Amino acid sequence: MYSAAAEADAVGGMVRSGCIRNFLTGIWSIMTIATLNLKVLPRRMLLAKEAAEYCGIPVKRFPIECGVVPVVMPSGTKLYDMRDLDAWIDTLKSGDQTGDDELIRKLRG
């Protein structure tokens, strides 16, 4: 025969004995393992917003400050190559920045 009081006593006993805590800890361990096994595929080409975040520059300032020319994909989408962004950041770190005027002069020969 079902008794709510008996069920409450049984649940209370499980809580006091740690059964529920152990069960939840086991579930959490399984969830943690599943989360760690997720694969993140690296992307080489980034949209302007993603490239700005990658470089740590506000999106509105990115086209002004960034010296990297985006790659125009066959679909017409403009994407930034992470390798180009890395090279640009490396020039900033080394202090070997080339001004626009100097770059145009070099291109004209």
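Check the entry above for the structure.
Reference entry: report on the structure contained in this document. (Residues numbered from 1 in each chain as written. Predicted model: local features only at pLDDT ≥ 70, side-chain atom pairs only at ≥ 80, totals over all residues. Heavy atoms only, no water.)

Structural notes on the sheet that holds strand β3 (residues 78–81)
What counts is decided by this rule: Strands were regarded as paired on the criterion that DSSP finds at least two bridges between them. Numbering of helices and strands runs from the N terminus; a helix is a DSSP stretch of H or I covering at least four residues, while a strand is a stretch of E covering at least two. Residue contacts follow a heavy-atom distance rule, with two residues in contact if any of their heavy atoms lie within 4.5 Å. Axis geometry follows a simple rule: fit a line to the C-alpha atoms, using only the stretch in contact for helices, then measure angles between N-to-C directions, giving values from 0 to 180 degrees.
Taken together, 3 strands build an open sheet; the order of strands is β1-β3-β2 and the sheet is antiparallel. Whereas interior strands pair on both sides, the edge strands pair on one side only; in this sheet they are β1 (45–46) and β2 (71–72). Taken together, the 2 bridges between β2 and β3 define a ladder with antiparallel strand orientation. When the bridges of β3 are listed, Val-72 appears paired with Lys-78. Against the sheet, helix α5 (residues 82–94) engages β1 and β3, with an angle of about 55° to β3.

Some points on the pattern of salt bridges
Put simply, the test is: Here, a salt bridge means any side-chain nitrogen of Lys or Arg that lies within 4 Å of a carboxyl oxygen of Asp or Glu. Accessibility here uses a 1.4 Å probe with only protein chains present; expressed as a share of the type maximum, an area under 20% marks a residue as buried, one over 50% as exposed, and anything in between as partly exposed.
A complete count under the given rule lists 3 salt bridges for this structure. In this structure, the salt-bridge partner of Asp-81 is Arg-44, at a minimum N-O distance of 2.8 Å. Residue Asp-81 is found in strand β3, and its partner Arg-44 is found in the loop between α2 (19–36) and β1; the two are separated by 37 residues along the sequence. Its relative accessible area of 8% is what places Asp-81 among the buried residues. Residues Glu-65 and Arg-61 are paired through a salt bridge, measuring 3.0 Å at the closest nitrogen-oxygen approach. A relative accessible area of 39% places Arg-61 in the partly exposed class.

Examining α5
Heads up, the rule is: One fewer than the residue count of a helix, multiplied by 1.5 Å, yields its expected span. Distance and chemistry together define a polar contact, namely a pair of N or O atoms within 3.5 Å, with one atom able to donate a hydrogen and the other to accept it when in protein, and with adjacent residues in sequence counting only for side-chain atoms on both sides.
Taking 1.5 Å of rise per residue, 13 residues should cover 18 Å, and α5 covers 18 Å from first to last C-alpha, within 8% of that figure. Capping the start of α5 is the job of one residue whose side-chain oxygen sits 2.9 Å from the backbone nitrogen of Arg-83: Asp-81. Gly-95 occupies a position one or two residues after α5 and carries a positive phi of about 80°.

Overview of the environment of Ala-52
Among the secondary structure elements, Ala-52 is positioned in helix α3 (residues 48–55). Expressed as a C-alpha distance, the spacing of Ala-52 and Tyr-80, which sit 28 residues apart in the sequence, is 9.6 Å.

Some remarks on the side chain of Asp-81
Within the local environment of Asp-81, its side chain forms a polar contact with the backbone nitrogen of Arg-83, the two atoms lying 2.9 Å apart. Discounting residues that sit within four places of it in the chain, Asp-81 has contacts with Arg-44 and Met-45.

Section: the pairing of β3
Looking down a regular strand, the side chains alternate between one sheet face and the other. Bridging between β1 and β3 involves 2 bridges; their strand directions are antiparallel. Bridge pairing in β3 links Met-45 to Asp-81.

Topic: α3
Because an α-helix packs 3.6 residues into every turn, residues spaced three or four apart end up facing the same way. Stated precisely, the cut-off is as follows: By arc we mean the arc of the directions from the helix axis to the C-beta atoms, nothing more.
Among all positions in α3, only Ala-51, Ala-52 and Cys-55 are buried. With its buried residues spanning 100° around the axis, α3 presents them on a single face. When the buried face of α3 is taken as reference, the exposed residues oriented beyond 90 degrees from it are Lys-49 and Glu-53. Positive phi shows up at Gly-56, right after α3, with a value of about 80°.

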